[in-house]
Amino acid sequence: MDADRIRAHLDPIRHEFADPRSLVMPALKFAQTEKGHLTREDMAAVAEATGYSPSFIESVASFYDRLYTRPVGNRVVSVCVTLSCMLRGADEVWDALCEHEGVDHHHGGTSADGRITIQEAQCLGYCDKGACIQVDAEETKGPYTPEEAVKLVEELREAPTPAELWR
Amino acid sequence: MPILNSVYRHREAGRPLTELAAYREAGGYKALESVLGETDADDLQYAFVRSGLRGRGGAGFPMGRKASFLPKDSRLPKYVVCNADESEPGTFKDREIMEMNPFQLLEGLTLAGYAIGAVRGYIYIRGEYEHQARVLDAAVRAAREAGFLGKDLLRSGFDYDITVYRGAGAYICGEETALLESLEGKRGQPRLKPPFPAVAGLYGSPTLINNVETLTALPPIVTRGADWYAALGPEKSPGTKLFSISGHVVRPGNYEIVLGDTTLRELIFEHAGGLREGRRVKAVWVGGSSVPVIGEEHLDTPLDYESLQGIGTALGSGGCIVMDDSGCIVRACLRLASFYRHESCGKCSPCREGTSWFERILQRMVDGDGRMEDFELLESLFRRVSGKTLCPLADGAIAPIRSAIKLFRDDFIRVCQEGSPRPEPMLPASVG
Ligand SMILES: Cc1cc2nc3c(=O)[nH]c(=O)nc-3n(C[C@H](O)[C@H](O)[C@H](O)COP(=O)(O)O)c2cc1C
Ligand code: SF4
Ligand code: FES
């Protein structure tokens, strides 16, 4: 994404912060919506739009789980594996999804066709709906059985990719 | 004991109050209208003190007292920051408030701002709650249009606005100083305290930080009176509390109870519908995952700060995780250890290295490769990490494991020798 588009996104909220550095996170989150992850060029554009150095911007981006500095699939499927969801079958959901997408059962990963990334998430705040799953930054849903979870990714694979990838 | 849905208005109304008109009908913004231009900021602060309201984010610090720590004569602008990072495992109460009753949070945040003379309030919300953040965005716009936010609120001369700020996935950003770092556009790593945020918080300015549930309790405290609130429940920790209950219970969800009025047994068996047929309670993490675990013998403890402290655990965030006797305590500990290892921000080495060791040792126990020396090793690690870190995350990682080893030593020894096969989970279908 280019710096001008990022600037245009930041202009309406600039006055809300006494220090412009607070704009770095909104800028990174917005820049990511174009490709679903942040390339070095995207981060350089954020640096240009906010006035901070590219290495500072990259160090901020690398801290947060939901800022991706490497390519991920068209859709990112986060499976909560924390305690409450584990008690409700999260490991079974996780295994079924990794199996179905042919990705590593320890770390998850992206399917060969590049459509779906399966990743572990820590407690998503939907423990009452465990085992729960969040697609990109859409509303988390649950409870899922392994079969229902597989159906979810099959539907996602067919669905059109959203214009803006908020993750 | 009955559930008292009296503080959080969407519960009282029995429906979501996401439209301003609906919130107004339910008594919304009466508190702000009665206070602005009428009540002195100090008197409002004093009402918060008298209500006895304690912080609902985990530490339980008295809200009014914290507000009184902010300097009165600061030349710097003051801020209120609402902690909506809600990432403590087992906790999902703030989510309900934000998605069902966003205006009550905005009204509470505005009252807090008035009480300390702030220029702006920020809601720092975890990135995963994008849906809730959009509900809040819409509520802020509606409140602004109606004159409840912006310049010269209700012609009182008080200027105040609210910004919703999204995080991007990091549990540690719930720790208040890490939150401030993140809100300042940096990596979310905790700061050395003192100075405390009340003196030097956001942008070095005096800052009041409170949890969503804490701030949302303020409007009814104003309309019904501090004395009404203080009379609910025990003297030292009055009020109602939202408990999130999850895990092996039939009806997981949020329940608002009067503190001290309901026992853990009642929460599990009456409100949350109990366990599956033939199951018994094995372990409960009553205040989120960072508190010592307790067993069946403590089910009759009343749910309030003092009583839970009295049995060696803590009320924490009110995120109550229940495991029945089908679960394996060592596996549960391992899962929590993995959580803390993943969420350690890496700033201090005892925490960074320690959490990784806890996970490794518990993993080999679960795999049946544990050794008897591992108990001593874990204990010596706990001693070397506990109290030697910048923030309480590391102690939060230790508490559930250390307490479990003490309480369920026989299980640990058996698992060390035999390993622990993955037990059958409680699937949606088995809830019935
Ligand atoms: C590791 C860690 C995580 C925390 N996470 C949260 C959180 O998600 N939400 C929250 O309100 N407080 C959290 N806290 C507590 C905050 O530091 C702070 O005490 C609280 O926001 C103060 O608000 P209160 O007084 O209204 O509870 C956390 C603390 C620690 C050490
Ligand atoms: S205790 Fe852990 S989480 Fe807290 S500052 Fe140190 S490394 Fe970071
Ligand atoms: S443990 Fe999965 S959402 Fe909380």
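As the structure is a computational prediction, the values presented were derived from the model and not from experiment.

Asks: Describe the site of ligand 1, listing the residues and the values that go with them.
Replies: All names here are of chain B. Not every one of the 18 residues close to ligand 1 is listed here, only the nearest: Gly57, Asn83, Asn210, Asn211 and Thr214. Separating an oxygen atom of ligand 1 from a side-chain N or O atom of Lys66 is a distance of 3.0 Å. Between ligand 1 and Thr214, the relevant distance is 2.7 Å, taken from an oxygen atom to a side-chain nitrogen or oxygen of the residue. Considering ligand 1 on its own, with 610 Å² of exposed area, one finds that the protein chains cover 90% of that surface. With three residues, strand E4 (residues 207-211) is the largest single contributor of residues to the shell around ligand 1. Its residues assigned to classes, the shell around ligand 1 shows four nonpolar, eight polar and six charged.

Asks: Outline the sheet that holds E4(B), listing residues and values.
Replies: Residues and elements named next belong to chain B. Pairing in this open sheet of four strands is parallel, and the strands run E3-E2-E1-E4 from one edge to the other. The outermost strands of the open sheet, each flanked by one partner alone, are strand E3 (161-166) and E4. Taking the axes of each pair of neighbouring strands and ignoring which way they run, one obtains an average angle of 20° across the sheet. Judged from the six bridges that link them, strand E1 (residues 79-84) and strand E2 (residues 120-125) form a sheet pairing that is parallel. The residue bridging Tyr79 from the neighbouring strand is Arg120, located in E2.

Asks: Break down the packing of aromatic side chains for me, citing the residues and quoting the values.
Replies: All names here are of chain B. What the rule picks out here adds up to 21 aromatic pairs over all chains. Centre to centre, the rings of Tyr29 and Phe148 are 3.8 Å apart; their planes meet at 5°, and the pair counts as stacked. Of this pair, Tyr29 sits in the loop between helix H2 (20-25) and helix H3 (30-35) while Phe148 sits in the loop between helix H8 (130-145) and E3, and the two are 119 residues apart along the sequence. Here the two residues Tyr29 and Phe148 agree in accessibility, since each one is buried. Taken together, a centroid distance of 6.4 Å and an interplanar angle of 70° make the contact between Phe375 and Phe412 edge-to-face.

What counts as what
- Residues numbered from 1 in each chain as written.
- Chains lettered and ligands numbered in written order.
- Predicted model: local features only at pLDDT ≥ 70, side-chain atom pairs only at ≥ 80, totals over all residues.
- Heavy atoms only, no water.
- Near = heavy atom within 4 Å.
- Polar contact = N/O pair within 3.5 Å; in protein donor to acceptor, adjacent residues only side chain to side chain.
- Areas by Shrake-Rupley, 256 points an atom, 1.4 Å probe, with all protein chains shown as cover.
- Helix = DSSP H or I, 4+ residues; strand = E, 2+ residues; numbered from the N terminus.
- Nonpolar A, V, L, I, M, F, W, Y, C, P; charged D, E, K, R; others polar.
- Pairing = 2+ DSSP bridges.
- Axes fitted to C-alpha atoms, helices over the stretch in contact; angles between N-to-C directions.
- Phe/Tyr/Trp six-rings, centres within 6.5 Å; stacked < 30°, edge-to-face > 60°.
- Buried < 20%, exposed > 50% of the residue type's maximum accessible area, 1.4 Å probe, protein only.

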